[in-house]
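# Tertiary structure, described
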Amino acid sequence: LEFVITRLPSKQEMPQLLETITKLALKSNIELTSFRPQPSVSKEVYEEVPVNLNIKGTYHSVGFFLAQIGNLERIITPSNVRMDVLIPSTKDPSTTRADMVITAFVYKEH
C-alpha cells in the first residue's frame, strides 16, 4: 500500500512536485525557466494534474532530465515535448530549449 501511495498520492502536493522537479533540474544541469500548474482533469479513478514546463540546457542534459522524470517513484509523464535548438554563447552554453507538459496523477478516494 505504501508503494502505491508513493506512486499515486491522494493529494496534488504541488509544493513537493515543484521541489522534486527543481532538484531534478539542478541534478541534470538544466535551467528551469517556467513551472505553470494547469487545472486538473478529473477521470473516473484519478485526476491528471498537468504542469507546463519550460527548460533549457545542453541536448544531453535535457535528455538526462527527461530520463530522471521517468525514474521517479511518483508517476509523472512528460508529453507534448517541443525542443528547439539554441546557439550557445560564453554566457549561456545551452544548446536546447524544451517546452512540455508534465502530468502528475492523483488517486481519487471514494
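Residues numbered from 1 in each chain as written. Predicted model: local features only at pLDDT ≥ 70, side-chain atom pairs only at ≥ 80, totals over all residues. Heavy atoms only, no water.

### So, the overall build of the protein
Threshold: Think of it this way: any DSSP run of H or I at least four residues long counts as a helix, any run of E at least two long counts as a strand, and we number them from the N terminus. Throughout this description, buried means an accessible area under 20% of the type-specific maximum (1.4 Å probe, protein chains only), exposed means over 50%, and partly exposed covers the range between.
Each helix and strand in the protein was counted, giving 3 helices and 5 strands. Listing every helix and strand of the protein by position from the N terminus yields α-α-β-β-β-α-β-β. Taken over the C-alpha atoms alone, the protein extends approximately 55 × 25 × 20 Å along its principal axes. Looking at the protein as a whole, 35% of its 110 residues qualify as buried.

### Thoughts on the pairing of strand β5 (residues 96–107)
One face of the sheet, then the other: side chains in a regular strand alternate in exactly this way. Let me state the cut-off plainly: Two strands make a pair as long as DSSP finds a minimum of two bridges between them.
A large share of β5 lies buried, amounting to 10 of its 12 residues. One ladder, built from 12 bridges, connects strand β3 (residues 46–57) with β5; its direction is antiparallel. When the bridges of β5 are listed, I55 appears paired with A98. As paired elements, strand β4 (residues 76–85) and β5 share 8 bridges and run antiparallel to each other. Across the sheet, the residue bridging to V85 is T96, located in β5.

### Section: a nonpolar patch on the surface
Selection criterion: Patch construction takes residues with relative accessible area above 30% that form no salt bridge. Like charges are linked within 9 Å, and nonpolar side chains (Val, Leu, Ile, Met, Phe, Trp, Tyr) are linked within 5 Å. Accessible surface area values rest on a Shrake-Rupley calculation with a 1.4 Å probe, where residue burial reflects the displayed protein chains alone. Salt bridges are counted wherever a side-chain nitrogen of Lys or Arg sits within 4 Å of a carboxyl oxygen of Asp or Glu.
Nonpolar side chains collect at one region of the surface, where Y59, V81 and M83 lie side by side and expose about 290 Å² of accessible area between them. Looking at the secondary structure, you find V81 in strand β4.

### Digging into the environment of E73
With respect to the secondary-structure elements, E73 resides in the loop between α3 (59–70) and β4. Exposure remark for E73: the relative accessible area of 53% places this residue in the exposed category. Residues E73 and N52, 21 residues apart in the sequence, show an inter-C-alpha distance of 20 Å.

### Quick word on unusual backbone geometry
Of note, the phi angle at N29 is positive, near 60 degrees, even though the residue is not glycine. Residue position: N29 is located in the loop between α2 (14–27) and β1 (31–37). By relative accessible area, which is 64% here, N29 ends up exposed. Not every positive phi belongs to a glycine, and N80 is a case in point at roughly 50 degrees. Along the chain, the position of N80 falls in strand β4.

### What to know about the nonpolar core
Defined as follows: In these notes, a set of buried Ala, Val, Leu, Ile, Met, Phe, Trp, Tyr and Cys residues joined through side-chain atoms within 4.5 Å is what counts as a nonpolar core. Residue contacts are counted whenever heavy atoms from the two residues lie within 4.5 Å of one another.
Within the largest apolar cluster, 21 residues are counted, with the highest numbers of intra-cluster contacts made by L17, I21, L53, I55, F65 and I102. Mapped by element, the contributors of at least two residues to this core are α2, β3, α3 and β5. In contact with I55, not counting residues within four places along its chain, are I30, E31, L32, T33, V62, F65, T96, R97, A98 and M100.

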